[in-house]
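# Architecture at a glance
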2 protein chains.
Amino acid sequence: MKEKRTIKRVQKIIAAFFRENRRMPSFAEMIGLLDVKSKSVVHFWINKLIDAGILAKDGQGRLSFTKQAFAIPLVGSVQAGFPSDEEETVGDILSMDEYLITKPESSFLLQVSGDSMIDEGIREGDLVIVERDKQPRNGDIVIAEVDGEWTLKYFRQQENQVFLEAANPKYPVIRPKKELRLGGVVTAVIRKYHH
Amino acid sequence: MKEKRTIKRVQKIIAAFFRENRRMPSFAEMIGLLDVKSKSVVHFWINKLIDAGILAKDGQGRLSFTKQAFAIPLVGSVQAGFPSDEEETVGDILSMDEYLITKPESSFLLQVSGDSMIDEGIREGDLVIVERDKQPRNGDIVIAEVDGEWTLKYFRQQENQVFLEAANPKYPVIRPKKELRLGGVVTAVIRKYHH
DNA sequence: TTGATAATAGAACGAATGTTCTATATAGAA
DNA sequence: TTCTATATAGAACATTCGTTCTATTATCAA
């Protein structure tokens, strides 16, 4: 049996296209995607999605997804139910990129090696997002040069005294004698489980 | 003094527009963005970016960023230098969305509460990405219902015996008597530091 | 200076865009 | 059945798209 066209289904089709091509399909392309034979039918459904608040048009009349629609559901605390395919989720935001990377031009990713921040829950193999030009505050996690090597450390500041501390008791506190070389401040930690 | 147009600068301008509007600007819009007065000049620069491998055209002749260009640099191990603004970085990939979320239609985010997985480096307030329909394997982290509450646990499997284990010695091992309700498998952990 | 190259401007063009109209087909209620 | 609302098709349209051409200006080396 053939699938009926519903708002949800059309949304998924367009979202899939967007994720794959990083752009919206044209009406002509949607004729194929939605399996219809006329642009006016596409127009018909697009208007439905706009009315439903899933799509929107910007100033130039260009089509784009609402933040709501593009986000994957965020669940605060898991109760009896999980977000199902059909139901609307109250959850907020977000694209991972937007959520994690505030300043893309001065950020970079670093793969963690070593266990100097193990008690902070940062483990070997994790990715950290580092912001280069950021001014570290007391307690921030920074990338610092220690004995010619770069490692992750807490940045501590006490009465004009600056020192570095690992989140692992087996590493000593570092009190820099002269200059302290910092590579940036850690703004996020990412761990992916590979199955 | 006015800024000279360079490939890098044009790339940044277009990338900024893309990030903000989730789409490529048209040539007409780029006239304003690049501060020129003719579409042919835009055409001239776009071709430069294409030659440089920063932009590309898909089958329909649509403009899009190369994966290379869109990614933020990934540094394996930090050596003497950090990725600077101008230099090219060898690092691979990635958009966070693409990297983290393989199946957007069956994934959701969950904010972690409690300390049941603390020894795994998953802490209260972290976000975990959960894949709903995934079949858990031995050692995977799953969302499971225990005593009417949902928590994170290791999924263990030994000789047809299934049980749940916390990454925290203060929680006992769970050996389900009858049915075991699972909400999904954790595929990634995300922690953002708010400054 | 002169000469050569790179960069910019402007106009013209066919192709593709989204919109709008009329007409036909389908489905459910009365 | 008939009536009504919904869904689909097809064509026509003005607008915008990216391309291509010629011409002018800026840059820099010889």
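Located above this text is the structure these notes cover.
Predicted model, so just to flag it, every value in this text is computed and none were measured.

### Side note on the overall build of chain A
Scanning chain A for helices and strands turns up five helices and nine strands. When the helices and strands of chain A are placed in sequence order, the string is α-α-α-β-β-α-β-α-β-β-β-β-β-β. Each of the 195 residues in chain A was classed as buried or not, and the buried ones make up 44%. Taking as baseline every contact in chain A between residues at least 6 positions apart, the subset at least 24 positions apart corresponds to 48%. For chain A, the accessible surface area stands at approximately 11000 Å², while carbon and sulfur atoms represent 48% of it.

### Notes on the protein's contact with DNA strand C
Taken together, 17 residues lie near DNA strand C, and Phe27(A), Lys57(A), Arg5(B), Ser38(B) and Trp45(B) sit nearest. Considering DNA strand C, the proportion of its atoms within 4 Å of the protein that are sugar or phosphate atoms stands at 55%. For DNA strand C, a base nitrogen lies 2.6 Å from a polar atom in the side chain of Ser38(B). Of all the secondary-structure elements, those providing two or more residues to the surface near DNA strand C are helix H2 (27–34) and helix H3 (39–51) of chain A together with helix H3 (39–51) of chain B. If one sorts the elements of the surface near DNA strand C by residue count, H3(B) sits on top with five residues. When grouped by side-chain class, the residues that make up the surface near DNA strand C number six nonpolar, five polar and six charged.

### Notes on the protein's contact with DNA strand D
For DNA strand D, the set of nearby residues contains 17 residues, the closest of which are Arg5(A), Ser38(A), Trp45(A), Lys39(B) and Lys57(B). Near the protein, meaning within 4 Å, the atoms of DNA strand D are sugar or phosphate in a fraction of 54%, with bases accounting for the rest. Within the contact set of DNA strand D, a phosphate oxygen lies 2.7 Å away from a side-chain nitrogen or oxygen of Arg5(A). At 2.7 Å, a side-chain N or O of Lys39(B) approaches a base nitrogen of DNA strand D. Counting residues per element, the ones that place at least two in the surface near DNA strand D are H3 of chain A together with helix H2 (27–34) and H3 of chain B. Top element by residues in the surface near DNA strand D is H3(A). It accounts for five residues. For the surface near DNA strand D, the class distribution of residues is six nonpolar, five polar and six charged.

### Let's talk about the packing of helix H1 (residues 7–21) of chain B against H2(B)
Residue and element names in this part refer to chain B. Running from N to C, H1 and H2 cross one another at 120 degrees; their axes reach a closest spacing of 11 Å. It follows from the interaxial angle that H1 and H2 lie oblique. The two elements H1 and H2 meet at a crossing, and its hand is right-handed. Here Val10, Ile13, Ile14 and Phe17 of H1 come into contact with H2, specifically with Glu29, Met30, Leu33 and Leu34. In terms of residue class, the contact of H1 with H2 is built from seven nonpolar, no polar and one charged.

### A closer look at the packing of H2(A) against H3(A)
Residue and element names in this part refer to chain A. Running from N to C, H2 and H3 point in directions that differ by 85 degrees, and their axes come no closer than 9 Å. With respect to each other, H2 and H3 are oriented roughly perpendicular. The segment H2 lies against H3, with Phe27, Ala28, Met30, Ile31 and Leu34 engaging Lys39, Val42, His43, Trp45 and Ile46. For the contact of H2 with H3, the per-class residue count stands at eight nonpolar, one polar and one charged.

### Structural notes on the environment of Val112(B)
In this fold, Val112(B) is placed in the loop between strand S4 (107–111) and strand S5 (127–131). In sequence terms Val112(B) and Val189(B) are 77 residues apart; their C-alpha atoms lie 9.7 Å from each other.

### Considering the pairing of strand S9 (residues 182–192) of chain A
On a regular strand, each side chain points to the face opposite its neighbour's, so the side chains alternate between the two faces of the sheet. Residue and element names in this part refer to chain A. For S9, the tally of buried residues reaches nine of 11 residues, placing the bulk of the element in the interior. Judged from the five bridges that link them, strand S5 (residues 127–131) and S9 form a sheet pairing that is antiparallel. Within the sheet, the bridge partner assigned to Val128 lies in S9 and is Val189. One ladder, built from three bridges, connects strand S6 (residues 141–146) with S9; its direction is antiparallel.

Reading guide: rules and limits
- Residues numbered from 1 in each chain as written.
- Chains lettered and ligands numbered in written order.
- Predicted model: local features only at pLDDT ≥ 70, side-chain atom pairs only at ≥ 80, totals over all residues.
- Heavy atoms only, no water.
- Helix = DSSP H or I, 4+ residues; strand = E, 2+ residues; numbered from the N terminus.
- Buried < 20%, exposed > 50% of the residue type's maximum accessible area, 1.4 Å probe, protein only.
- Contact = heavy atoms within 4.5 Å.
- Areas by Shrake-Rupley, 256 points an atom, 1.4 Å probe, with all protein chains shown as cover.
- Near = heavy atom within 4 Å.
- Polar contact = N/O pair within 3.5 Å; in protein donor to acceptor, adjacent residues only side chain to side chain.
- Nonpolar A, V, L, I, M, F, W, Y, C, P; charged D, E, K, R; others polar.
- Axes fitted to C-alpha atoms, helices over the stretch in contact; angles between N-to-C directions.
- Parallel < 35°, antiparallel > 145°, perpendicular 65-115°, else oblique.
- Left-handed = near helix turned anticlockwise from the far one by under 90°.
- Pairing = 2+ DSSP bridges.

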